[in-house]
Amino acid sequence: MTTFSPTSRTSSPRGPRRPLAALCGLLAGGAALAVAELTAAGVRAEAGPLTAVGGAVIDATPPGIKDWAIRTFGESDKLVLQLGIVLILAALAVALGLLALRHRLLAAAGVLALAVVGAFAATSRPDMIGPQDALPSLAGGVAGAVALLLLIGRLNARRPDTPSGWDRRGFLVTSGAVVAAAAAAAVTGRTLLGTRGRDASASRAEVVLPTPASPAPPVPPGAALRIPGLGPFTTPNDDFYRVDTALVVPRVDAGTWRLRVHGLGVREDLTLTFAELLARPAVERDITLACVSNEVGGPYIGNARWLGARLADLLRTAGVVPPSKGGPADQLVARSVDGMTIGTPVEDVMDGRDALLAYGMNGEPLPFTHGFPARMVVPRLYGYVSACKWIEEIELTTFDAYDAYWVRHDWAPRAPVKTQSRIDTPRPSARRPAGQVTIAGVAWAQHQGIARVEVRIDDGPWQEARLAAEDTRDTWRQWYHPWNAPPGRHTLTVRATDRTGHTQPGAVTHPLPDGAEGWHTVTVTIEE
Ligand SMILES: Nc1nc2c(c(=O)[nH]1)N[C@H]1C(S)=C(S)[C@@H](COP(=O)(O)O)O[C@H]1N2
Ligand SMILES: [Mo]
């Protein structure tokens, strides 16, 4: 027993001190994050160190790795990233706690150095508002350093009158106080952030969607098949895929929101309030939205009924002329409140297709995750070159003059949606009894329309699948193929042909730089 060893009183007991020092590091780290969070609530939610560093990591991640992350973690990728950052911070906190046993000031300086990294990340984010973005990290750093000094001070304090030689009670009281203060800071921060989001929620709850001047015809009854395992024709908002770089979903108050239109060839800068946007003739359309990162057979595509103002009319009001009519700007750069930039060809937006500045999605105001109060939706273009969410600015420029966010990350500057098809049922590796099996899925060739879908069983001949009715050429199209399935393992393959006569090529390619192509295959087992 260390208590009987003569050395244990003079040099300290070795046993619990190292774990306790590690604990001090963790507690100080927690206090730092809590105070940073509280400060961020006063400055800007996105200026908190976890969000700022996470955002910087997202931006710095090469497309290949980003793609791997999306593929591996799906829509939990952001959660995984933040957990990763927290784990790294925890490891650093433990290391600094141990260092503090011998070199208290050096360890405190280490905490401050981490804070500087966070402050640097926060002030270099595209949506930063100014030097105040550094405050959350710096305040957190100071709180963390102070907490570490206090805790380690207690741990090192000698109490020769106690059997263990250290002031266990004092240590418990100090660490309890640090935990309580950190918890109070975290809870206050959360609450403040909640109140700030309340204006936005209230403004969304108050939205009365206008009656469309140009309504979408009802979805034809034959367009939405009822086949088990086949997704719905119209994707409910809650199931609609979400792809963006936002670690904190922007909650914009529609009451203070403005959209500014300016730049090359704009006669007069335009500023639009949400009420003014809603007062423009409302256009309702079914439009399928697809993500360029979607792999063959992947889930990042959805179909919704959008409500919004015609983007081309708005641009014309501002005096914009498309390049084909001699206009100087060939690129429209949309900017969001979170600093995203998305570049869209001006020609595409003004060529007569239903390009919308949308505020409604499936009969309700846009959900916050899908861009409330307003976003762009342009038929035939992948989301990363058209569908800017939380939009607040449209700048007219040229493709030569400006590379938008994803283009700087190696994606193609122009990217029309490729003709694609997907088998939704049976699922990969499904087991089914022999006999009648309905193979079904969706195909899309936006703005051109699907002419034909074919299915192949193993190496057999291509057989024409039955097409559901077409809603519009801007929406995906469901299809099915009845199959009298014999026992064994079978590979099912699908391919689509669009109305230009183009049939999907067979080789499966990677989404980078302008969208995956290739046939979707599913392997199933048919039991005796
Ligand atoms: N502000 C902002 N808008 C954005 C993005 C983003 O990261 N930030 N991602 C784009 C991409 S890549 C796609 S595919 C669509 C996805 O829209 P959804 O999340 O509503 O499905 O939004 C686009 N608009
Ligand atoms: Mo995307």
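Cut-offs used in this document
All chains use their own residue numbering, which begins from 1 and follows the written sequence. Each chain gets a letter, beginning with A, and each ligand a number, beginning with 1, in the order they are written. Under the rules for a predicted model, residues below a pLDDT of 70 receive no local features and side-chain atom pairs below 80 are neither given nor counted, while totals for whole chains, interfaces and linings still include all residues. Here the side-chain values reflect all heavy atoms present in the structure, with hydrogen atoms and water set aside. Distances are taken per atom, and a residue is near a molecule or strand as soon as one of its heavy atoms is within 4 Å of it. N or O atoms within 3.5 Å of each other form a polar contact, as long as, within protein, one can give a hydrogen and the other can take it, and as long as residues adjacent in sequence are counted only when both atoms are side-chain atoms. Note on areas: Shrake-Rupley with a 1.4 Å probe; residue coverage comes only from the protein chains shown. Throughout this entry, Asp, Glu, Lys and Arg are counted as charged residues, while Ala, Val, Leu, Ile, Met, Phe, Trp, Tyr, Cys and Pro are counted as nonpolar. The remaining residues, Gly among them, count as polar. Relative accessibility decides the category of a residue: with a 1.4 Å probe and only protein chains considered, values under 20% of the type maximum give buried, values over 50% give exposed, and everything between is partly exposed. Elements are defined by DSSP. Helices are runs of H or I of four residues or more, strands are runs of E of two residues or more, and each kind is numbered from the N terminus. For two strands to be treated as a pair, DSSP must find at least two bridges joining them. The pairing test for Phe, Tyr and Trp rings, Trp by its six-membered ring, is centres within 6.5 Å, and the orientation test on the planes gives stacked under 30 degrees, edge-to-face over 60, and tilted for anything in between. Throughout this description, the term charge over a ring refers to an Arg CZ or Lys NZ atom that lies within 6 Å of the ring centre and within 35 degrees of the ring normal.

Caption draft 1: Structural view of the site of ligand 1. In the neighbourhood of ligand 1, 20 residues make up the surrounding shell, with Tyr 241, Asp 244, His 370, Arg 375 and Lys 389 lying closest. One nitrogen or oxygen atom from the main chain of Tyr 241 is found 2.7 Å from an oxygen atom belonging to ligand 1. Between ligand 1 and Ala 387, the relevant distance is 3.0 Å, taken from a nitrogen atom to a main-chain nitrogen or oxygen of the residue. Protein coverage of the free-state accessible area of ligand 1, which is 530 Å², stands at 99%. A class-by-class count of the residues in the shell around ligand 1 yields 11 nonpolar, 4 polar and 5 charged.

Caption draft 2: Region of interest: the pairing of strand 7 (residues 356-361). Where burial is concerned, most of strand 7 is hidden: 6 out of the 6 residues are buried. Alignment of strand 4 (residues 301-310) against strand 7, held across 5 bridges, turns out to be antiparallel. When the sheet's bridge partners are listed, Ala 309 is paired in strand 7 with Leu 357. Bridge count for strand 7 against strand 9 (residues 375-377) is 3 bridges, and the pairing is antiparallel. Counted as the bridge partner of Leu 357 is Met 376 from strand 9.

Caption draft 3: Up close: the packing of aromatic side chains. Per the counting criterion, the structure on display carries 12 aromatic pairs. When the ring of Phe 240 is compared with that of Tyr 241, the centres are 5.4 Å apart and the planes differ by 20°; the resulting orientation is stacked. Here Phe 240 matches Tyr 241 in class, with each residue buried. Through successive ring pairs, a cluster of aromatic residues spans Trp 257, Phe 274, Tyr 359, Phe 368 and Phe 372. The ring of Phe 368 carries Arg 204 above its face, with NZ or CZ at 6.0 Å from the centroid. Arg 335 extends its terminal NZ or CZ atom over the ring of Tyr 402, reaching a point 5.6 Å from the ring centre.

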